[in-house]
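Secondary and tertiary structure notes
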Amino acid sequence: MRLRVPVLAMMLFAVCSARAQSPPPPDQTEQIRILLERVQQLEKRVADLETKPVVAAPRESPVNLAAVAKPEMAEAAPPPGPVQGHQHETAETQASVGQMEVRYPSLQIRGFGDVNFSTTDQKGSTSGFNLGQLDLHLASALSRKVTYFGELTFNAQPTGYTLEVERSIIRYDYNDFFKLSFGRYHTPIGYWNTAFHHGAWLQTTISRPDMIRIGGSFIPVHFVGFLAEGNIPSGGAGLSYNVGVGNGRGSPISRPGDAGDNNNNRAWVANLYSRPARLYGLQMGVSVYRDKITLPGTPPNGNNFREWISAAHIVWTKETPEFLAEFANVNHRNILTNFVTNSQAFYAQVGYRLPWLERTLKPYYRFEHTHVPLSEQVFTNQDLVQSIVGMRYDITNYAAFKGEYRYFKRLPTDPWVNGAFFQTDFTF
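Residues numbered from 1 in each chain as written. Predicted model: local features only at pLDDT ≥ 70, side-chain atom pairs only at ≥ 80, totals over all residues. Heavy atoms only, no water.

1. Some points on the nonpolar core
Met211, Phe218, Ile219, Tyr289, Leu324, Val378 and Phe379 are the most contacted members of the largest nonpolar core, which totals 30 residues. For this core, the secondary structure elements donating two or more residues are strand S7 (222-232), strand S9 (267-274), strand S10 (282-294), strand S11 (304-316), strand S12 (322-334) and strand S13 (340-351). (Core = buried A, V, L, I, M, F, W, Y, C linked by side-chain atoms within 4.5 Å. Buried < 20%, exposed > 50% of the residue type's maximum accessible area, 1.4 Å probe, protein only. Helix = DSSP H or I, 4+ residues; strand = E, 2+ residues; numbered from the N terminus.)

Below is the structure:
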């Protein structure tokens, strides 16, 4: 900096000398005087900076890089002394460089929770409050292409709390067309099961559709194995795929084979869906799932069944309106007797974000139906006909109140049940 200022002064002196043979016009003389004054000011400023000690900004760690970037924290502790401007520029430069340097591993934790109240006129039922799931999401980048994701839930039980590993996945992203993951994940059948996961705040309604209920058995909610996924070059069609191989259903069939498969046959799943570029918010897809089920014990007609699940979905994720619909058929064939059964389930849900009150209100309606034939040997009774009318009120961007009226029954011979359900859910 000290070298540049004298050089600039010498250049100006040379210009003045070259023009000294003929008197310069008054306007040029004034310009030269202004430039010489600026050079003197710069020299004085450099001399002042060099005579005072400059406190070097501390090297930022991965933990506090995000804090430095926040304006409110940067203003909370301004550097002292007359070199404040210089230190501020140095800190901003080092913070920018630090943010570009990604550190591995980098763990991030997010959470979800909910509290519920329910009451029905069903005989023998008890109304009251219950604490929903406390759900923790753990995400960490291990390298530029390798990431880990985990999900833990704490569930209230009459005798205490249970801890469940809902998802534990390590994924390698080769490119947008091929990503390979291993672990325990949500089975990519249909839409809801992979779109909303366990946090109730993520979904419009209080609960999931019964056909993909957590802990239910109509569709295997979780899957242990490996999964390949990615986009398919398809222009504006926006095609994507999921293909996985794993242990399939465990014992009981509502759980996956976390500790190992219960037979020597792997399950596989494939999901193909489209998100057209011209119709943002629209998704259409089909799914197939194949497995061999081994029931505990030895029923009179054998305990091994071939399972085929075929499903389709169409959703419109914009909120004015929102529309979700899925259908699934579960085919079971007894390997010993070749006896075949088919069970069907579907739901259709519509919601609309109202334009008033800062768009915090969202009424919705869902109808769902599940039918399992009496001759079914794998499932217990899962029949259901249900209508739900509800309202979601977002009290902040991270918390919501929900209220629902439900009208449902299980068996055709059962009476209809009326129920009121309320929930406050949040993310943190």
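Moving on from the model shown.
2. Overview of empty space enclosed by the protein
Any empty space left between atoms is shown by rolling a water-sized probe over those atoms. Applying the stated rule across the entire model yields one cavity of 30 Å³ or more. In terms of lining, the largest cavity is formed by Phe305, His332, Asn334, Phe339, Thr341, Glu376, Gln377 and Val378. Residue composition of the lining of the largest cavity, by class: three nonpolar, four polar and one charged. (1 Å grid on protein atoms, 1.4 Å probe; cavity = no way out; pocket = protein on both sides within 12 Å on 5 of 7 lines; lining within 4 Å. Points joined across faces, edges and corners; volume = space filled by probe spheres on them. Nonpolar A, V, L, I, M, F, W, Y, C, P; charged D, E, K, R; others polar.)

3. What about a nonpolar patch on the surface?
Judged by side-chain polarity, Met284, Ile314, Phe323, Val350, Tyr365 and Val389 come together as a nonpolar surface patch covering roughly 470 Å² of accessible area. Turning to its location among the elements, Ile314 is positioned in strand S11. (Patch = residues over 30% accessible without salt bridge, like charges linked within 9 Å, V, L, I, M, F, W, Y side chains within 5 Å. Areas by Shrake-Rupley, 256 points an atom, 1.4 Å probe, with all protein chains shown as cover. Salt bridge = Lys/Arg side-chain N within 4 Å of Asp/Glu carboxyl O.)

4. Some words on unusual backbone geometry
For the bond running from Tyr104 to Pro105, omega is -10°, close enough to zero to count as cis. Note that Pro105 resides in the loop between helix H5 (84-100) and strand S1 (106-120). A cis amide bond links Ser251 with the next residue in sequence, Pro252, at an omega value of 5°. Along the chain, the position of Pro252 falls in the loop between strand S8 (239-246) and S9. Although it is not a glycine, Leu357 adopts a positive phi angle of roughly 50°.

5. Overview of the pairing of S13
Only one face of S13 is buried, namely the one carrying Thr341, Ser343, Ala345, Tyr347, Gln349 and Gly351, since none of Val340, Asn342, Gln344, Phe346, Ala348 and Val350 on the opposite face is buried. In terms of strand pairing, S12 meets S13 through 12 bridges, oriented antiparallel. If you follow Arg333 over to S13, its bridge partner there is Val340. As consecutive antiparallel partners, S12 and S13 are separated by five residues, and within that stretch Asn338 has a phi angle of approximately 65°, a positive value. Note that S13 and strand S14 (residues 361-371) share eight bridges and pair antiparallel. Looking across to S14, one finds that Gln344 is bridged to His371. (Pairing = 2+ DSSP bridges.)

6. Thoughts on the pattern of salt bridges
As enumerated under the stated definition, the model contains 20 salt bridges in all. With a closest N to O distance of 2.6 Å, Arg167 and Glu151 form a salt bridge. In this pair, Arg167 sits in strand S5 (residues 160-175) while Glu151 sits in strand S4 (residues 146-157), placing the two residues 16 residues apart along the sequence. Taking relative accessible area as the criterion, Glu151 reaches 0% and is therefore assigned buried. Here Arg266 and Asp261 are joined by a salt bridge, their closest N and O atoms 3.1 Å apart. Linked through salt bridges whose partners overlap, the residues forming this network are Glu319, Glu322, Arg353, Lys362, Arg392 and Asp394.

7. Looking at the confidence of the model for the chain
Of the residues in the chain, 78% reach a pLDDT of 70 or more, and the chain-wide mean stands at 84. This stretch, residues 1-26, has a pLDDT under 50; its non-local contacts, to residues over four places away or in other chains, come to 16 contacts. Contacts for the low-pLDDT stretch residues 54-93, under 50 throughout, to residues beyond four places or in other chains number 25 contacts. (pLDDT = per-residue confidence, 0-100. Contact = heavy atoms within 4.5 Å.)

8. Concerning the packing of aromatic side chains
The description of an aromatic ring pair uses the distance of the two centres, along with the angle that the planes make with each other. Tallied over the full model, the rule gives 14 aromatic pairs. Residues Trp192 and Tyr347 carry aromatic rings whose centres are separated by 5.8 Å and whose planes lie at 85° to one another, so their mutual orientation is edge-to-face. Of this pair, Trp192 sits in helix H6 (residues 192-195) while Tyr347 sits in strand S13, and the two are 155 residues apart along the sequence. The residues Trp192 and Tyr347 share a single accessibility class, namely buried. Here the aromatic residues Tyr191, Trp192, Phe196 and Tyr347 are joined through ring pairs into a cluster of three or more. The ring of Phe421 has Arg406 lying over it, and the distance from NZ or CZ to the ring centre is 3.8 Å. (Phe/Tyr/Trp six-rings, centres within 6.5 Å; stacked < 30°, edge-to-face > 60°. Lys NZ or Arg CZ within 6 Å of the ring centre and 35° of its normal.)

9. Comments concerning the environment of Ala345
With respect to the secondary-structure elements, Ala345 resides in strand S13. Classification of Ala345 by relative accessible area gives buried; the value is 0%. Along the primary structure Ala345 and Phe327 are separated by 18 residues, whereas in three dimensions their C-alpha atoms are 5.9 Å apart. Those residues within four positions of Ala345 in sequence are excluded, and the remaining contacts are Met211, Phe218, Glu326, Phe327, Ala328, His369 and Thr370.

10. Some remarks on the side chain of Ser140
Note on placement: Ser140 falls in strand S3 (residues 134-141). Here Ser106 takes part through its backbone nitrogen, which lies 3.4 Å from a polar atom of the side chain of Ser140. Excluding anything up to four places from it in sequence, Ser140 contacts Pro105, Ser106, Leu107, Thr147 and Tyr148. (Polar contact = N/O pair within 3.5 Å; in protein donor to acceptor, adjacent residues only side chain to side chain.)

11. Let's talk about the pairing of S10
Relative to S10, S9 is paired through seven bridges, and the arrangement is antiparallel. Looking at S10, one finds that Tyr273 is bridged to Gly285. Examined bridge by bridge, S10 and S11 share 13 bridges and lie antiparallel to one another. Its bridge partner being in S11, Val288 is matched across the sheet by Ser310.

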